[in-house]
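# Examination of the molecular architecture
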Amino acid sequence: MEQRDFGTTGLRVSLLGLGAGQIGDGALSEDHAGTLLNRAIDRGIPLVDTARGYGLSEERIGRHLAYRRHDFILSSKGGYSADGADDWTPQAIRLGIEQALTRLRCDWIDIFHLHSCPAETLRRDDLLGALDDARRDGLIRVAAYSGENEALAWAIQSGRFGSIETSVNLADQFSRRQLLPAANDAGMGVIAKRPIANAAWRFTDRPEGDYAETYWERLRTLNMDTIRQQAGLDWLDLALRFTAYAPGVHSAIVGTASIQNLERNIDLVQAAAAVKGRTKALLPVHYNAPLDAAALAQRINVNRAIGALYTPDAATIQPAKLARGLARIVERIDRKSTRLNSSHRT
């Protein structure tokens, strides 16, 4: 598994990380949870991402991985649900970290995120001071923020955090296009969450009320299935390649409770890495594909239109604006395609 520097934090992380949310499901047996956690590390995935709100996840990581603490990078999140403290107070930060260390059966957390709090909470000096104190005392190594939009933008420019965690996938590219360049310039580590877009493609009809509904709508609006078919990849392969090799991303965390799915995810990203050149591993439409109008439209659709036509505060895409933007792009492509094709004839 490819290992990458995690910004300038001094940590190294794997291209693929394990999201341990599903490990916290009480219906999962202890033997299964332990086998999955250890299998991930044995297969070259040292980044394990958990949170206070993930059920039994922290307890199980402690139970099954404490004996090999130096073999993995531990990422957790908090700010809420600390015993003896109100949510989003300095006491919740400090006690939350100390209680997490007890559950995790270890002495330090490598990356500790404030977990999706709004921008006005994130800006509070007392909370940031509590994070600084925890880092000074060796309880955490990197102070981080997990979230989106305005709060994420503030976290990046504030200089108070060493890393971030945010959504990056085929249907969610605002952070990738608008915010990650500044995070990279600042030397921050970047973890991409939801890399497979909640597997929204598994639904034939709109999954009303399901967590994947917004992504389902975006994938259809962007005609992503046509891109997938032309790339000759299945949905999971396309999604993992796109996020794991997205510029600015250091690790893409995928949650699973299935050992079979874990092995499949690892095999897919390793196969992508074996493709000569990162560009080919990343792009749904290869750069050496015929430069006709349709291929160019699809490429721009993925690499430009998605991010440019999301708004930072909107939960859903703006279909009308996207349609107008793509119509203008296609008009320009029709004029340019002949000239571009001519330049590639040899």
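About the cut-offs
Residues numbered from 1 in each chain as written. Predicted model: local features only at pLDDT ≥ 70, side-chain atom pairs only at ≥ 80, totals over all residues. Heavy atoms only, no water. Buried < 20%, exposed > 50% of the residue type's maximum accessible area, 1.4 Å probe, protein only. Helix = DSSP H or I, 4+ residues; strand = E, 2+ residues; numbered from the N terminus. Pairing = 2+ DSSP bridges. Right-handed = clockwise from strand over helix to strand, strands pointing away. 1 Å grid on protein atoms, 1.4 Å probe; cavity = no way out; pocket = protein on both sides within 12 Å on 5 of 7 lines; lining within 4 Å. Points joined across faces, edges and corners; volume = space filled by probe spheres on them. Nonpolar A, V, L, I, M, F, W, Y, C, P; charged D, E, K, R; others polar. Core = buried A, V, L, I, M, F, W, Y, C linked by side-chain atoms within 4.5 Å. Contact = heavy atoms within 4.5 Å. Arc of directions from axis to C-beta.

## Some details on the pairing of strand E7 (residues 140–146)
E7 sits mainly inside the fold: six of its seven residues count as buried. Pairing of E7 with strand E8 (residues 163–167) involves three bridges; the strand directions are parallel. Counted as the bridge partner of Tyr145 is Ile164 from E8. Note on the crossover from E7 through helix H6 (residues 149–158) to E8: the handedness is right-handed.

## Remarks on the layout of surface pockets
Which parts of space are left empty comes out when a probe the size of a water molecule is rolled across the atoms. Space inside the largest pocket adds up to approximately 520 Å³. Around the largest pocket sit 20 residues that line it, and Gln22, Arg194, Asn198, Ile253 and Gly255 are the ones nearest its centre. A per-element tally of the lining of the largest pocket places strand E10 (residues 251–255) first, with three residues. A class-by-class count of the residues in the lining of the largest pocket yields eight nonpolar, seven polar and five charged.

## Brief notes about the nonpolar core
One recurring pattern in soluble globular proteins is that nonpolar side chains are buried together. By size, the foremost hydrophobic cluster in this structure holds 88 residues, and its most contacted members are Ile61, Leu114, Leu122, Tyr145 and Phe161. Excluding its chain neighbours within four sequence positions, the residues that come into contact with Leu114 are Gly78, Trp88, Ile93, Leu122, Leu131, Ala144, Tyr145, Ser146 and Phe161. Listed in part, the ten residues of the second largest apolar core include Leu11, Val13, Ile73 and Ile253.

## Examining helix H9 (residues 213–221)
What sets the pattern is the α-helix's 3.6 residues per turn: residues three or four places apart point alike. Burial in H9 covers these residues: Tyr215, Trp216, Arg218 and Leu219. On an axial view of H9, the arc spanned by its buried residues comes to 165°, and they lie on one face. Of the residues one or two after H9, Asn223 is the one with positive phi, at around 55°.

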